[in-house]
Amino acid sequence: MSDLNQCTFTGRLGADPEIRRSQEGKPIANLRLAVSDTWRDRNSGERKEKTEWISVTIFSEGLCKISEQYLRKGSKVLIQGSWKTRKWTDQSGNDRYSTECVLQGFDAKLQMLDPPDGNTGGSQRSNDSYGQQPDDYDDNSDIPF
């Protein structure tokens with residue numbers, strides 16, 4: 001029996017998706033997702049809130065296209081992927097580590113949670129394009145709808 005590496009987050013984008021290309025020309029999307037927790041302080045009864053920032057990297061070509069076309073700062077999304085830590089070297093030669101939610105493969109999920117009229121969050125999309133696949137979308141394993 002193996003352990004399951006799966007993470008699910010619901011939150012709002014802190015910035016527009018950043019799309020870049022690998023050396024092979026495949027798109028890679030980076031998102032910063034704000035997830036908040038609210039509670040009432042037991043002593044004062046005051047409402048408290050804490051926001052955590054989750055780094056998300058999308059390697060799935062279909063989900064990168066969806067991110068680029070439909071997501072904007074403030075968009076509310078649900079993401080599901082794997083929790084991964086990678087090691088890299090900074091400009092000074094020091095080893096650095098980054099932990100992020102990675103969306104890759106058939107089990108990756110990206111779901112837009114804003115209503116079709118786009119009145120909440122930063123998503124700007126028209127009613128006729130919400131929930132439809134782009135014309136050149138051919139990777140059925142990553143359909144987020």
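The written sequence of each chain sets the order in which its residues are numbered from 1. Note on the predicted model: pLDDT of at least 70 is required for a residue's local features to be given, and 80 or more for side-chain atom pairs to be given and counted; whole-chain, interface and lining totals, by contrast, use all residues. By convention in this description, side-chain values take in all heavy atoms of the structure and omit both hydrogens and water.

1. Some points on the overall build of the protein
Line of reasoning, step 1. Within the protein, the secondary structure is distributed over one helix and seven strands.
Line of reasoning, step 2. Each helix is a run of H or I in the DSSP string that is no shorter than four residues. Each strand is a run of E no shorter than two, and both are numbered from the N terminus. Going from the N terminus to the C terminus, the protein shows its helices and strands as β-β-β-β-α-β-β-β.
Line of reasoning, step 3. By the burial criterion, 35% of the 145 residues in the protein qualify as buried.
Line of reasoning, step 4. Contact definition: two residues touch when any of their heavy atoms are within 4.5 Å. Nonlocal contacts in the protein, meaning residues at least 24 apart in sequence, comprise 58% of its contacts between residues at least 6 apart.
Line of reasoning, step 5. Carbon and sulfur atoms form 42% of the exposed surface of the protein, whose accessible area is close to 9500 Å². Throughout, exposure labels follow a simple rule: accessible area from a 1.4 Å probe, protein chains only, divided by the maximum for the residue type, with under 20% read as buried, over 50% as exposed, and the rest as partly exposed. In this description, accessible areas are obtained by the Shrake-Rupley approach with a 1.4 Å probe, and a residue is regarded as covered only by the protein chains that are shown.

2. Points about the layout of surface pockets
Line of reasoning, step 1. If you add up the space inside the largest pocket, you get close to 170 Å³.
Line of reasoning, step 2. The set of elements that each furnish at least two residues to the lining of the largest pocket consists of strand 2 (18–21), strand 3 (27–40) and strand 4 (47–58).
Line of reasoning, step 3. By the convention adopted, Pro, Cys, Tyr, Trp, Phe, Met, Ile, Leu, Val and Ala count as nonpolar, Lys, Arg, Asp and Glu as charged, and the other residues, Gly among them, as polar. Tallied by class, the residues present in the lining of the largest pocket amount to four nonpolar, three polar and six charged. For each structure, a 1 Å grid was placed over the protein atoms alone; sets of points admitting a 1.4 Å probe that cannot get out are labelled cavities, open sets with protein on both sides within 12 Å along at least five of seven lines are labelled pockets, and lining residues have an atom within 4 Å of a point. Grid points are joined across faces, edges and corners, and a volume is the space filled by probe spheres set on the points.

3. Description of the state of the cysteines
Line of reasoning, step 1. Two cysteine sulfurs form a disulfide in these notes if their separation is within 2.5 Å. With the rule as written, the count across this model stands at zero disulfides.
Line of reasoning, step 2. Of all cysteine sulfurs in the structure, the one in Cys 7 sits closest to Cys 101, which takes part in no disulfide; the separation is 3.1 Å.

4. Here's the deal with the nonpolar core
Line of reasoning, step 1. Here, the term nonpolar core denotes a set of buried Ala, Val, Leu, Ile, Met, Phe, Trp, Tyr and Cys residues that are joined through side-chain atoms within 4.5 Å. Judged by nonpolar contacts, the single largest core of 22 residues is most densely connected at Leu 33, Val 56, Ile 79 and Leu 103.
Line of reasoning, step 2. If you list the elements that add at least two residues to this core, you get strand 1 (7–13), strand 3, strand 4, helix 1 (61–70), strand 5 (76–89), strand 6 (95–103) and strand 7 (109–112).
Line of reasoning, step 3. Setting aside its immediate chain neighbours within four residues, Val 56 contacts Ala 29, Asn 30, Leu 31, Leu 33, Ile 79, Cys 101 and Leu 103.

5. Here we look at the environment of Thr 57
Line of reasoning, step 1. Mapped onto the fold, Thr 57 is located in strand 4.
Line of reasoning, step 2. In this structure the C-alpha to C-alpha distance between Thr 57 and Ile 19, which are 38 residues apart in sequence, comes to 9.9 Å.
Line of reasoning, step 3. For Thr 57, the side chain forms a polar contact with the side chain of Asn 30, separated by 3.4 Å. In protein, a polar contact requires one atom able to donate a hydrogen and another able to accept it; more generally it is a pair of N or O atoms within 3.5 Å, and residues adjacent in sequence count only if both atoms are side-chain atoms.

6. Focus on the side chain of Ser 75
Line of reasoning, step 1. Looking at the secondary structure, you find Ser 75 in the loop between helix 1 and strand 5.
Line of reasoning, step 2. There is a polar contact of 2.8 Å between the side chain of Ser 75 and the backbone oxygen of Arg 72.

7. Concerning the pattern of salt bridges
Two side chains that carry opposite charge are able to pair once their charged atoms sit near each other.
Line of reasoning, step 1. Here, a salt bridge means any side-chain nitrogen of Lys or Arg that lies within 4 Å of a carboxyl oxygen of Asp or Glu. Taken as a whole and judged by the stated rule, the model has four salt bridges.
Line of reasoning, step 2. Taking the shortest distance from any N to any O, the salt bridge between Arg 12 and Asp 114 comes out at 3.4 Å. Here Arg 12, found in strand 1, pairs with Asp 114, found in the segment after strand 7; they are 102 residues apart in sequence, far enough to count as distant.

8. What to know about the pairing of strand 1
Line of reasoning, step 1. Pairs of strands are assigned from DSSP output, requiring at least two bridges between the strands. Pairing analysis gives six bridges linking strand 1 to strand 5, with the strands arranged antiparallel. Within strand 5, the residue paired with Arg 12 across the bridge is Lys 76.
Line of reasoning, step 2. With two bridges joining them, strand 1 and strand 3 adopt antiparallel strand pairing. Pairing of Arg 12 across the sheet is with Ala 34, part of strand 3.

9. What about the confidence of the model for the protein?
Line of reasoning, step 1. For the protein, the mean per-residue pLDDT works out to 83, and 78% of the residues sit at or above 70.
Line of reasoning, step 2. Per-residue confidence from the predictor is given as pLDDT, running between 0 and 100. Within the model, the stretch residues 121–145 combines pLDDT values under 50 with 54 contacts to residues more than four positions away or in other chains.

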